[in-house]
Amino acid sequence: MPNGLQLCARTTSEPQLERAVLSAVFWIALYLGVITVPLLILLLGDAPPGRGFVWDLAIALGFAGVTMMAVQFVLTARFRRASAPYGIDIIYYFHRYAAVVALVAVVAHPLLIVADEPAYVAYLDPRSAPWHMTSGLLSVLALIVLVATSVARKQLHIHYGGWRYSHLFLAIVAVVAALAHIEGVGYYAASPAMRKAWLALIALWTAVVVYVRVVRPALVMRAPYRVVEVRRERGDAWTIAVEPSDDGDGIEFAPGQFVWLTLRSRPFAMKDHPFSIASSAEQPRRLEFTIKELGDFTRTIGDVAVGEIAYVDGPHGAFTIDRYDSRGLVVIAGGIGAVPIMSMLRTLADRGDRRPVLFFYACRRWERMTFRESLEDLVARIDLRIVFVLEEPPEAWTGAHGRVTQALLDQELPADRTQCEYFVCGPTEMIRSVETSLHGLGVPLARAHSELFELV
Ligand SMILES: Cc1cc2nc3c(=O)[nH]c(=O)nc-3n(C[C@H](O)[C@H](O)[C@H](O)COP(=O)(O)OP(=O)(O)OC[C@H]3O[C@@H](n4cnc5c(N)ncnc54)[C@H](O)[C@@H]3O)c2cc1C
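(A) View of the environment of Gly 248. With respect to the helices, strands and loops of the structure, Gly 248 is situated in the loop between β2 (237-244) and β3 (258-263). Distance from Gly 248 to Arg 285, taken between C-alpha atoms, is 7.8 Å for residues 37 residues apart in sequence.

So, in structure tokens, the structure goes:
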């Protein structure tokens, strides 16, 4: 596909974009609406009289912080409709930043109160303070530990599995202790409107916790899968294939999406890992995952035996070609990030879709390129041009080497590059660098879609 040719002349339609934007705006408005309800009631309803700016600000921050803390559970509840407009990685990022904002609000609450009324410092001493003040203090401390252990998890060498349990425990402690504090203080939550809002928030929070930790795992357990194939791949990776263990049809998914996969455990145990589906969306009964040996869980993938039970929660994610109506595609992958791209290519092949695809596939060494052979087969079935990019090429290598740079993209991309849809998946650093390069080439960032393999 020479440079001057058109690859992507027809792009995502206006109504499609409009729907996506409206949906995104709706969920943001709902989020802001929910977290500001208690504040609006305090402002507009029959709340007790104010006690000066600093005091009132402290109370408002306390209420906003607690509501944000409770809503944090909704953000990571994997509700597909809510995450679809953004992608789950963006939701997790938002969850992180929202936690920091909630922490600032919650910590500022007692500090401002003490600044306004220094005598209240006595309430910070659990030996003499009433229980509901100690409860408030407990909530603040739990939130501080929760945010610190999340932001600095890797620096503190906290293992993901253990962190996940402690995160849930600390989050529940922080919310329950804060609600107990508000109930114990009573003063601001006594009006009928505020009581209703508070009860609604508690009901929502409880329902989400029960749904995420009990109902959904139970639903996932009702539709078990069975491992039907395990095969070794290049580059320390394994492909495992699963099929429904009964006569079920499997899950319908879009190429590029991922699932939370549980092996050798039950869905209630919180031992699920996110993996992109590598196989074709046109064959939903058989799901294939290609998994790189990386840590405690993934290093044991090669030991999985045919016949073992697997549980699949999904599909999730917004990283899919099916959301966009482009006439051609540019896909860019580094290392194991090629997995969702393979699902896209295999799906195009099964659909007989002859749209041109330009694939930048970066890897360290030629012999470690996981999907090398599968791609040979795909080149014969779809209109695919691959630019292999090797960091450590063999001696006789005449292709691209180094990384996927702006210069390389500039050299290989078609003339109508600003109209293409780009799908990028790989190490976080690579995604950032490719996005910067695309931006430098005039590609609007709204056309660059990426999937991060690292949520926390
Ligand atoms: C949307 C998405 C799709 C992915 N698709 C693939 C894929 O197709 N192939 C592939 O090889 N890898 C994929 N990954 C990465 C894969 O999930 C992690 O490599 C794997 O969970 C690491 O587990 P571990 O116990 O072996 O490693 P560890 O050494 O325990 O962890 C390494 C890192 O992986 C992440 N991680 C670990 N456990 C979990 C978990 N239960 N949930 C979320 N993150 C976790 C953490 O950031 C951790 O620091 C994907 C990740 C995401 C978010």
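(B) Looking closely at the sheet that holds strand β6 (residues 309-316). Taken together, the six strands give an open sheet; going across it, the order is β4-β3-β6-β1-β2-β5, and neighbouring strands pair in antiparallel fashion. The sheet terminates laterally at β4 (273-276) and β5 (287-292), the two strands that pair on one side only. Taken pair by pair, the neighbouring strands of this sheet meet at an average axis angle of 40°, ignoring direction. Examined bridge by bridge, strand β1 (residues 225-233) and β6 share two bridges and lie antiparallel to one another. Across the sheet, Arg 226 pairs through a bridge with Ile 309, a residue of β6.

(C) Spotlight on the packing of aromatic side chains. The full count for this structure, using the stated rule, is 17 aromatic pairs. Ring pairing ties together the aromatic residues Phe 359, Tyr 361, Trp 366, Phe 388 and Trp 397, which thus form one cluster. Sitting over the face of the ring of Tyr 93, Arg 96 holds its NZ or CZ atom 5.7 Å from the ring centroid.

(D) Local environment of the side chain of Glu 288. Positionally, Glu 288 belongs in strand β5. Exposure remark for Glu 288: the relative accessible area of 11% places this residue in the buried category. Polar side-chain contacts of Glu 288 include one of 3.2 Å to the side chain of Arg 231.

(E) Broad picture of the packing of helix α8 (residues 338-351) against helix α9 (residues 372-381). The geometry of α8 relative to α9 is characterised by a closest axis approach of 10 Å and an angle of 35° between their N-to-C directions. Where α8 crosses over α9, the two elements pack in a sense that is left-handed. Residue-level contacts link Met 342, Leu 345, Arg 346, Ala 349 and Asp 350 of α8 to Ser 374, Leu 375, Leu 378 and Arg 381 of α9. Taken together, the residues of the contact of α8 with α9 break down into five nonpolar, one polar and three charged.

(F) Spotlight on the site of the ligand. Inspection of the region around the ligand gives 28 residues, with Arg 153, His 273, Pro 274, Lys 292 and Thr 298 positioned closest. In this structure, Tyr 160 approaches the ligand through a side-chain N or O atom, which is 3.4 Å from a nitrogen atom. The separation between an oxygen atom of the ligand and a polar main-chain atom of Lys 292 is 2.8 Å. Across the complex, the protein chains shield 91% of the 890 Å² of accessible surface that the ligand would expose by itself. The element that contributes the greatest number of residues to the shell around the ligand is β4, accounting for four residues. Tallied by class, the residues present in the shell around the ligand amount to 14 nonpolar, six polar and eight charged.

(G) Quick peek at the nonpolar core. The biggest cluster of nonpolar side chains holds 45 residues, and the ones touching the most others in it are Phe 63 and Met 69. Mapped onto this core, the elements with two or more residues apiece are α1 (14-44), α2 (53-75), α4 (88-116), α5 (131-151), α6 (160-185) and α7 (192-222). Broken down by element, this core gets its largest block of residues, 11 residues, from α2. Each residue touching Met 69, except ones within four places of it in the same chain, is listed here: Ala 102, Val 106, Ser 139, Leu 143, Ala 174, Val 175 and Ala 178. Listed in part, the 32 residues of the second largest apolar core include Tyr 324, Ala 338, Leu 345 and Val 357.

Criteria and cut-off values
Residues numbered from 1 in each chain as written. Predicted model: local features only at pLDDT ≥ 70, side-chain atom pairs only at ≥ 80, totals over all residues. Heavy atoms only, no water. Helix = DSSP H or I, 4+ residues; strand = E, 2+ residues; numbered from the N terminus. Pairing = 2+ DSSP bridges. Axes fitted to C-alpha atoms, helices over the stretch in contact; angles between N-to-C directions. Phe/Tyr/Trp six-rings, centres within 6.5 Å; stacked < 30°, edge-to-face > 60°. Lys NZ or Arg CZ within 6 Å of the ring centre and 35° of its normal. Buried < 20%, exposed > 50% of the residue type's maximum accessible area, 1.4 Å probe, protein only. Polar contact = N/O pair within 3.5 Å; in protein donor to acceptor, adjacent residues only side chain to side chain. Left-handed = near helix turned anticlockwise from the far one by under 90°. Contact = heavy atoms within 4.5 Å. Nonpolar A, V, L, I, M, F, W, Y, C, P; charged D, E, K, R; others polar. Near = heavy atom within 4 Å. Areas by Shrake-Rupley, 256 points an atom, 1.4 Å probe, with all protein chains shown as cover. Core = buried A, V, L, I, M, F, W, Y, C linked by side-chain atoms within 4.5 Å.

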